[in-house]
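Okay, here's what each chain looks like letter by letter:
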Amino acid sequence: LDKVKLILESFGSSILKRLTRLLNLLEDFRVSPEEMLEDTIESNNGHLTDVTVDITGLQIHEDRQASFYQKQQMVEAFGNLISNAVEAMDNGESPVLTFSSAQSGGQTILKIMDNGCGIPPDTGGKIFEKGFSTKGSDGFGLAHAKQVIEGHGGSLELVPDNEECTAFEVRL
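It should be emphasised that the depicted structure is a prediction, and the values quoted were computed from it without experimental measurement. (Residues numbered from 1 in each chain as written. Predicted model: local features only at pLDDT ≥ 70, side-chain atom pairs only at ≥ 80, totals over all residues. Heavy atoms only, no water.)

Novice: Just checking my understanding: could you explain the nonpolar core for this structure?
Specialist: One recurring pattern in soluble globular proteins is that nonpolar side chains are buried together. Among the nonpolar cores identified, the biggest contains 29 residues, and F78, L81 and L97 are the most heavily contacted of them. When residues in this core are grouped by element, the largest group, six residues, is from helix α3 (residues 71-88). If near-sequence neighbours (up to four positions away) are discounted, L97 is found in contact with L48, V51, T52, V53, D54, I82, A85, V86, M89, I112, M113 and D114. (Core = buried A, V, L, I, M, F, W, Y, C linked by side-chain atoms within 4.5 Å. Buried < 20%, exposed > 50% of the residue type's maximum accessible area, 1.4 Å probe, protein only. Helix = DSSP H or I, 4+ residues; strand = E, 2+ residues; numbered from the N terminus. Contact = heavy atoms within 4.5 Å.)

Novice: Where do I start with unusual backbone geometry in this structure?
Specialist: Trans peptide bonds make up most of the peptide bonds, and negative phi angles are found at most residues other than glycine. Not every positive phi belongs to a glycine, and S94 is a case in point at roughly 50°. In this structure, S94 sits in the loop between α3 and β4 (96-104). Looking at S94, the relative accessible area reads 58%, which means it is exposed.

Novice: Help me understand the environment of H47 in this model?
Specialist: By the secondary structure assignment, H47 is in the loop between α2 (33-43) and β2 (52-57). What makes H47 exposed here is its relative accessible area of 56%. Through-space distance from the C-alpha of H47 to that of E87 is 9.9 Å; in sequence the pair is 40 residues apart.

Novice: What am I meant to see in the packing of α2 against α3 here?
Specialist: To describe two helices that pack against each other, one gives the angle between their axes and the distance between the axes. As a packed pair, α2 and α3 sit with axes 9 Å apart at the nearest point and diverge in direction by 60°. Relative to α3, the element α2 is oriented oblique. Pair α2 / α3 crosses with right-handed handedness. Within the contact between the two elements, α2 uses P33, M36, L37, D39, T40, I41 and S43 and α3 uses K71, M74, V75, F78, G79 and I82. (Axes fitted to C-alpha atoms, helices over the stretch in contact; angles between N-to-C directions. Parallel < 35°, antiparallel > 145°, perpendicular 65-115°, else oblique. Left-handed = near helix turned anticlockwise from the far one by under 90°.)

Novice: Sorry if this is basic, but what is going on with the confidence of the model for the protein here?
Specialist: In low-pLDDT regions, the fine details of the predicted coordinates are not to be read closely. This prediction gives the protein a mean pLDDT of 83; 85% of its residues lie at or above 70. Within the protein, helix α1 (residues 2-27) has the poorest average pLDDT of any element, 69, and strand β6 (residues 155-158) the best, 96. (pLDDT = per-residue confidence, 0-100.)

Novice: For this particular structure, what's the right way to read the side chain of T40?
Specialist: Take T40: it is sitting in helix α2. By relative accessible area, T40 is classed as buried at 0%. From its side chain, T40 meets the backbone oxygen of M36 in a polar contact 2.8 Å long. If near-sequence neighbours (up to four positions away) are discounted, T40 is found in contact with V75, F78, G79 and I82. (Polar contact = N/O pair within 3.5 Å; in protein donor to acceptor, adjacent residues only side chain to side chain.)

Here it is as structure tokens:
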């Protein structure tokens, strides 16, 4: 009986260690949408040297509980949105990239706006199609971003009829 008890204690200790390790791994996936966007902005700093970046509207809401996301995928998706914005402002004077966040109905709403050349109305419906590009690129950046965001239960939309800038809205 003592031998069985010793084996069970050892076995229990091993399971506890594995569960602790698993919980630590899961914690790496627990992050807020705002934090992921901030990480993306920081990792794209080299591409933003000629751009005024306004993050005053990007606020981490302390009362919002972090959720589980595949952070690297989301950072890549946000990076595609930022790259598109920077390319759209390439020839403009005083390029400005603005980020904001808000809470509504239990969702986080992130906006990424640029003052670039805009998206013509006849093109707006095609921008999320794989292979569609107006710049001669492979046309997979926005399609991939939408797929990743929707794969995490969110949505990515072009904000319609925005004459001041091009704006994308991410809801998570």
